[in-house]
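Single-letter residue listing:
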Amino acid sequence: MELLKQRILEAGSVVSDQVVKLDAILNHQVDPALIKEMGKEFARRFVESSPTKVLTVESSGIPLSFAVASELGIPFIFARRKKSVTMGEDTYCERVPSFTKGIVTDIMVSSQYITANDRILIIDDIIANGDAARGLIRIVERSGAELVGVGIAVEKAFQAGGRAIREQGIRTESLVTITSLEQGHIVFAD
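What you see is a predicted model; the values in this text were computed from it and never measured. (Residues numbered from 1 in each chain as written. Predicted model: local features only at pLDDT ≥ 70, side-chain atom pairs only at ≥ 80, totals over all residues. Heavy atoms only, no water.)

Undergrad: Run through the overall build of the protein, naming residues and quoting values.
TA: For the protein, the count of helices and strands is six helices and 10 strands. By the compact-globule yardstick of 16 Å for 190 residues, the protein fits well, its C-alpha radius of gyration being 16 Å. Overall size of the protein, expressed as C-alpha extent along the three principal axes, is 45 × 35 × 30 Å. For the protein, the residues scored as buried account for 48% of the 190 residues in total. Here the contacts in the protein between residues at least 6 apart in sequence split such that 63% fall between residues at least 24 apart. With an accessible surface of roughly 9100 Å², the protein has 49% of that area assigned to carbon and sulfur atoms. Across the protein, the centroid of the 22 positively charged side chains sits 3 Å from that of the 25 negatively charged ones. (Helix = DSSP H or I, 4+ residues; strand = E, 2+ residues; numbered from the N terminus. Rg over C-alpha atoms; globule rule 2.2 N^0.38 Å. Buried < 20%, exposed > 50% of the residue type's maximum accessible area, 1.4 Å probe, protein only. Contact = heavy atoms within 4.5 Å. Areas by Shrake-Rupley, 256 points an atom, 1.4 Å probe, with all protein chains shown as cover. Lys, Arg positive; Asp, Glu negative; His and termini not counted. Charge placed at Lys NZ, Arg CZ, Asp CG, Glu CD.)

In structure tokens, the structure reads:
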């Protein structure tokens, strides 16, 4: 997606040869016009899969998942990182490490919002090692719902996350793929 590549080059910064900072457009401050266009693109790519719900992890995946769900006319769910007092006891919970935060957290979804009748599209902002996506995949599997695919805004191809999910036979679509961050330069796949 050329618009996303352009915005990454304008507003992104390389923190290390493993980390790109996209806080100005995706992870801290959100560019609504860009998010809308990304939502349209994911909806275009997955509409034929007939998803019934979009699933993401709080918090960076929420704006993009909202845009995708809005385009498809379906609800979206976000896996919470902390259990609230209003969340019932019947939840799907997975423990996942966070590459950028350097911690392990639980992610959870109430079983009342994801059922065996659902067709789930997972959407997330960035995939590195793929731990959060694999946690969401396990939640979908445990619920009995059908996983129709995984949409990732930015895939870091030099890390194993996207590749590992594809190797499971899961349709995985990335809007932009970064092949290198070496020497402070963002290099995109063609």
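We are not done yet, so read on.
Undergrad: Any chance you could break down the packing of aromatic side chains for me, citing the residues and the numbers?
TA: Scanning the model with the defined rule gives three aromatic pairs in all. Seen in terms of ring centroids, Phe 76 and Phe 78 are 6.4 Å apart; in terms of plane orientation they differ by 35°. Their pairing is tilted. The class of Phe 76 is partly exposed, set by a relative accessible area of 25%. Relative accessible area serves as the criterion here: at 29%, Phe 78 is assigned to the partly exposed category. Ring-pair connections join several aromatic residues into one group, and the members of that group are Phe 66, Phe 76 and Phe 78. (Phe/Tyr/Trp six-rings, centres within 6.5 Å; stacked < 30°, edge-to-face > 60°.)

Undergrad: Summarise the pattern of salt bridges; cite the residues concerned and give the values.
TA: In total, this model carries 16 salt bridges according to the counting rule given. Of the charged contacts, one joins Glu 10 and Arg 7 as a salt bridge, the two residues approaching to 2.9 Å between their closest N and O atoms. Residue Glu 10 and its partner Arg 7 are located together in helix H1 (residues 2–11), separated by three residues, close to a single helical turn. Two residues, Asp 118 and Lys 53, come together in a salt bridge whose shortest N-O distance is 3.3 Å. A residue pair is termed long-range when its members are at least 10 positions apart, and Asp 118 in the loop between strand E6 (103–110) and strand E7 (119–127) and Lys 53 in strand E3 (residues 53–57) qualify at 65 residues. By the burial criterion, Asp 118 is buried, and Lys 53 matches it. A single salt-bridge network, built from bridges that share partners, covers Glu 41, Arg 44, Arg 45, Glu 48, Arg 171 and Glu 173. (Salt bridge = Lys/Arg side-chain N within 4 Å of Asp/Glu carboxyl O.)

Undergrad: Lay out the packing of helix H3 (residues 32–46) against helix H4 (residues 62–72) with the relevant residues and their values.
TA: Their axes nearest at 8 Å, the elements H3 and H4 cross at an angle of 55°. Judged by the angle between their axes, H3 and H4 are oblique. Pair H3 / H4 crosses with right-handed handedness. Residues Ile 35, Lys 36, Met 38, Gly 39, Lys 40, Phe 42 and Ala 43 of H3 pack against Pro 63, Leu 64, Ala 67, Val 68, Glu 71 and Leu 72 of H4. (Axes fitted to C-alpha atoms, helices over the stretch in contact; angles between N-to-C directions. Parallel < 35°, antiparallel > 145°, perpendicular 65-115°, else oblique. Left-handed = near helix turned anticlockwise from the far one by under 90°.)

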